[in-house]
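Fold and contact review
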Amino acid sequence: MVELRQLEYFVAVAETEHVGRAAERLRISQSPLSRRIADLEKRLGLVLFERSKQRVRLTPDGEVFLTEARALLRHAERVESLGQRLGRGETGGLCLGYVEHAIHADVLPGALRSLRRDRPDVHVSLYNQTGAEQLEALRRRSLDIALVDTPPEKDDPVLESELVLADPLVLAIPADHPLANRGIVEPTDLDNQPWIAIGRKDVDEDFREFLSSCATDGFTPNIRTVAPEPLAALGLVGSGLGMALLQRSVLRGTPPDVALRELPWCDSSVRLWAAWHHIDLRPLVAEFRKVLLDGGTTP
């Protein structure tokens, strides 16, 4: 594994473009610095610098590696700072995972606002991951709480969960569409209408569930576009490209070129669960979990 010290040496040479000046900055001699850079390149199997007598310059691969090296060093500094604060008993830290609609529905931002108000010194690390990745991270104890769209099994030996959001789906249609002023929108009204689905059409499980739910409700959508996430779909609806079923929480501040219609016959919703490891729940984790669960199950 690459050492942090090697990355520090690499960043210093990259920023100064000169081994001598980098050595002065690092307060070491040039020879060991050159050896450490050469060792790093050998370990990576990568040429990081173009060398001349006057200066050294990053290769294109070196430029990419520099960005990641800086990010890793900044994260290491934050981890060290957190450890020092914990050692002094000043504060605790939280590692939280989430799926995107935890943000759209204001579940996570709302809980973080509450935490920041009551515990401003708490360090929070956020990880946007799939539900499966989060549950695995909970098992490894690298996450404290996960916000997932599919909960762990009820008989899971180490993980527990509770529903924190059931976000009803609402029909979003272009404001100039004939259905925009219809009193009641029936499933047959939506049959073969141009539609915007959310997810990757080729592989996304949510996409297949969407098609199945449409068939159950009695209509077949004419899918013209697949948007990567709900806010993108809302923008496409406003552009007149089709209609979409979106969770209600996304539709705060709906633009004037989009009309919203309730569908009483559609009881589908986007759901979100909080999950956690059942052993050794630190007081801070338990406190934040309570904030999440007290948020209720509706937006």
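A quick note: this is a predicted structure, and the numbers were derived from the prediction, not measured.

1. Brief notes about the pattern of salt bridges
For the coordinates displayed, the defined rule picks out 13 salt bridges. With a closest N to O distance of 2.9 Å, glutamate 8 and arginine 5 form a salt bridge. Of this pair, glutamate 8 and arginine 5 are both found in helix H1 (residues 4-16), three residues apart, which corresponds to roughly one turn of the helix. In this structure arginine 5 comes out as partly exposed when scored by relative accessible area, which is 46%. As a salt-bridge pair, arginine 113 and aspartate 106 come within 2.7 Å of each other at their nearest N and O atoms. Accessibility expressed as a relative area gives 48% for arginine 113, which makes it partly exposed. Residue aspartate 106 is classed as partly exposed on the basis of its relative accessible area, which comes to 28%. Connected through salt bridges with shared partners, the residues Glu15, Arg25 and Arg70 form a single ionic network.

2. Concerning helix H9 (residues 230-238)
Looking at H9, one finds that the buried residues are Pro230, Ala233, Leu234, Val237 and Gly238. Projection of H9 onto a plane perpendicular to its axis shows the buried side chains occupying an angular sector of 140°, all on one side. Taken together, the buried residues of H9 touch helix H5 (101-104), strand E6 (159-174), strand E7 (194-198), strand E8 (222-227), strand E9 (244-247) and strand E10 (258-261). A distance of 2.9 Å separates the backbone nitrogen of leucine 231 from a side-chain oxygen at the start of H9, and that oxygen is part of glutamate 229. Once H9 finishes, glycine 240 follows within two positions and takes phi at roughly 85°, a positive value.

3. What about the domain arrangement of the protein?
Under the domain assignment used here, the protein contains domain 1 (4-87), domain 2 (91-165 + 271-296) and domain 3 (168-267). The C-alpha-based centres of domain 1 and domain 3 are spaced at 50 Å.

4. Some words on the environment of leucine 190
In this fold, leucine 190 is placed in the loop between E6 and E7. By relative accessible area, leucine 190 is classed as buried at 0%. It is 27 Å that separates the C-alpha atoms of leucine 190 and leucine 165, two residues lying 25 residues apart in sequence. In contact with leucine 190, other than residues within four places in its own chain, are Leu171, Leu179, Val185, Trp195, Phe219, Thr220, Met243 and Trp265.

5. Points about the packing of helix H6 (residues 107-118) against helix H10 (residues 283-293)
It is the contact of H6 with H10, at a shortest axis distance of 9 Å, that shows an interaxial angle of 125°. Between H6 and H10, the angle is such that the two are oblique. Considering the relative orientation of H6 and H10, their crossing is right-handed. Packed against H6, whose contacting residues are Val107, Leu108, Ala111, Leu112, Ser114 and Leu115, the element H10 presents Leu284, Phe288, Val291 and Leu292 at the interface. The class makeup of the residues in the contact of H6 with H10 is nine nonpolar, one polar and no charged.

6. Remarks on the packing of aromatic side chains
Throughout the structure, instances matching the rule amount to two aromatic pairs. Ring centres 5.5 Å apart and planes at 55° place the aromatic pair phenylalanine 10 and phenylalanine 49 in the tilted group. In this pair, phenylalanine 10 sits in helix H1 while phenylalanine 49 sits in strand E1 (residues 49-51), placing the two residues 39 residues apart along the sequence. Each member of the pair, phenylalanine 10 together with phenylalanine 49, is buried. Pairwise contacts between aromatic rings join Phe10, Phe49 and Phe65 into one cluster. For arginine 289, the ring lying beneath its charged end belongs to tryptophan 276, and the centroid distance is 4.6 Å.

7. Quick look at the side chain of arginine 261
Looking at the element boundaries, arginine 261 is found in strand E10. In this structure, arginine 261 is buried with no salt-bridge partner, the nearest side chain bearing the opposite charge being glutamate 262 at 8.6 Å. A distance of 3.2 Å separates the side chain of arginine 261 from the backbone oxygen of leucine 179, its partner in a polar contact. Arginine 261 has contacts with Val170, Leu171, Ile173, Leu179, Ala180, Asn181, Arg182, Gly183, Ile184 and Val185, leaving out every residue within four places of it along the chain.

Reading the values: the criteria
Residues numbered from 1 in each chain as written. Predicted model: local features only at pLDDT ≥ 70, side-chain atom pairs only at ≥ 80, totals over all residues. Heavy atoms only, no water. Salt bridge = Lys/Arg side-chain N within 4 Å of Asp/Glu carboxyl O. Helix = DSSP H or I, 4+ residues; strand = E, 2+ residues; numbered from the N terminus. Buried < 20%, exposed > 50% of the residue type's maximum accessible area, 1.4 Å probe, protein only. Arc of directions from axis to C-beta. Contact = heavy atoms within 4.5 Å. Polar contact = N/O pair within 3.5 Å; in protein donor to acceptor, adjacent residues only side chain to side chain. Domains from an automatic or database assignment. Axes fitted to C-alpha atoms, helices over the stretch in contact; angles between N-to-C directions. Parallel < 35°, antiparallel > 145°, perpendicular 65-115°, else oblique. Left-handed = near helix turned anticlockwise from the far one by under 90°. Nonpolar A, V, L, I, M, F, W, Y, C, P; charged D, E, K, R; others polar. Phe/Tyr/Trp six-rings, centres within 6.5 Å; stacked < 30°, edge-to-face > 60°. Lys NZ or Arg CZ within 6 Å of the ring centre and 35° of its normal. Lys, Arg positive; Asp, Glu negative; His and termini not counted.

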